[in-house]
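# Working through the structure, step by step
Single-letter residue listing:
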Amino acid sequence: MNYPASSRLWLWWLWLSGLTLLAALLAEQGLSLGQGALARLVLLLAWVKGVTVIEHYMGLRHAPRWLRLVVHGWLLLVTGLLMMSFC
């Protein structure tokens, strides 16, 4: 069965798509930030997208606190380690 998506889900989808396009644009343009700073900026955008997916698409906004802490902690750990690799 097909269920119509709520307009709120469409807004979150547009937010995620916009962040993806922004990250791709930054990566293509290169700017004058240098490779390390640019990589950290793109990883920061990926972290924001990860938080959005965790909270809104995985439905953890209403999950028990311990589960949210575990999932957010994992995302922060992975993103932080990747950012440290560009230092």
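The shown structure was predicted, so the numbers you read here are calculated from the model rather than taken from an experiment.

## A word on the overall build of the protein chain
Helices and strands together make up the secondary structure of the protein chain, namely three helices and zero strands. Seen in sequence order, the protein chain has helices and strands lined up from the N terminus as α-α-α. Sorting the 87 residues of the protein chain into buried and exposed places 22% on the buried side. Excluding contacts between residues fewer than 6 apart, the proportion of contacts in the protein chain whose partners are at least 24 apart in sequence is 58%. For the protein chain, the exposed surface amounts to about 6,500 Å²; the carbon and sulfur share of it is 71%.

## A short note on the side chain of Thr-52
Along the polypeptide, Thr-52 turns up in helix α2 (residues 35–57). Among residues more than four places away in sequence, those in contact with Thr-52 are Trp-12, Trp-15, Leu-16 and Tyr-57.

## Section: the UniProt feature "transmembrane region" (unreviewed entry) in the protein chain
Per the UniProt record, the feature "transmembrane region" (unreviewed entry) sits at residues 37–54 and 66–86. Between the end C-alpha atoms of residues 37–54 there is a gap of 26 Å, over a span that is 100% helix and 0% strand. Secondary structure content for residues 66–86 is 90% helix and 0% strand, and the end C-alpha separation is 30 Å.

## Description of helix α1 (residues 7–29)
Relative to the 33 Å expected for 23 residues at 1.5 Å per residue, α1 spans 32 Å between its end C-alpha atoms, a close match to the ideal helical length. If you check which residues of α1 are buried, you get Leu-16, Leu-19, Ala-23 and Leu-26.

## Quick word on helix α3 (residues 65–84)
Taking 1.5 Å of rise per residue, 20 residues should cover 28 Å, and α3 covers 27 Å from first to last C-alpha, within 8% of that figure. Of all the positions in α3, only Val-71, Leu-75 and Thr-79 are classed as buried. Along the long axis of α3, the arc covered by the buried residues comes to 60°, so they all point the same way. In α3, the exposed positions angled more than 90 degrees off the buried face are occupied by Arg-65, Trp-66, Leu-69, Val-70, Leu-76, Leu-77 and Met-84.

## Comments concerning the packing of aromatic side chains
Each aromatic ring pair is described using two quantities: the centre-to-centre distance and the angle formed by the ring planes. Within this structure, the stated rule accounts for one aromatic pair. When the ring of Trp-10 is compared with that of Trp-13, the centres are 5.7 Å apart and the planes differ by 80°; the resulting orientation is edge-to-face. Of the two residues, Trp-10 and Trp-13 are both situated in helix α1; the distance of three residues between them amounts to about one turn of the helix. Judged by its relative accessible area of 49%, Trp-10 falls in the partly exposed class.

## Here's the deal with a nonpolar patch on the surface
Taken together, Leu-9, Trp-10, Leu-11, Trp-13, Leu-14, Val-53, Tyr-57 and Met-58 make up a surface patch of nonpolar side chains, about 820 Å² in accessible area. When contributions to the nonpolar patch are tallied by element, the ones reaching two or more residues are α1 and α2.

About the thresholds
Residues numbered from 1 in each chain as written. Predicted model: local features only at pLDDT ≥ 70, side-chain atom pairs only at ≥ 80, totals over all residues. Heavy atoms only, no water. Helix = DSSP H or I, 4+ residues; strand = E, 2+ residues; numbered from the N terminus. Buried < 20%, exposed > 50% of the residue type's maximum accessible area, 1.4 Å probe, protein only. Contact = heavy atoms within 4.5 Å. Areas by Shrake-Rupley, 256 points an atom, 1.4 Å probe, with all protein chains shown as cover. UniProt positions renumbered as here; feature names shortened; annotations may be inferred. Expected span 1.5 Å × (residues − 1). Arc of directions from axis to C-beta. Phe/Tyr/Trp six-rings, centres within 6.5 Å; stacked < 30°, edge-to-face > 60°. Patch = residues over 30% accessible without salt bridge, like charges linked within 9 Å, V, L, I, M, F, W, Y side chains within 5 Å. Salt bridge = Lys/Arg side-chain N within 4 Å of Asp/Glu carboxyl O.

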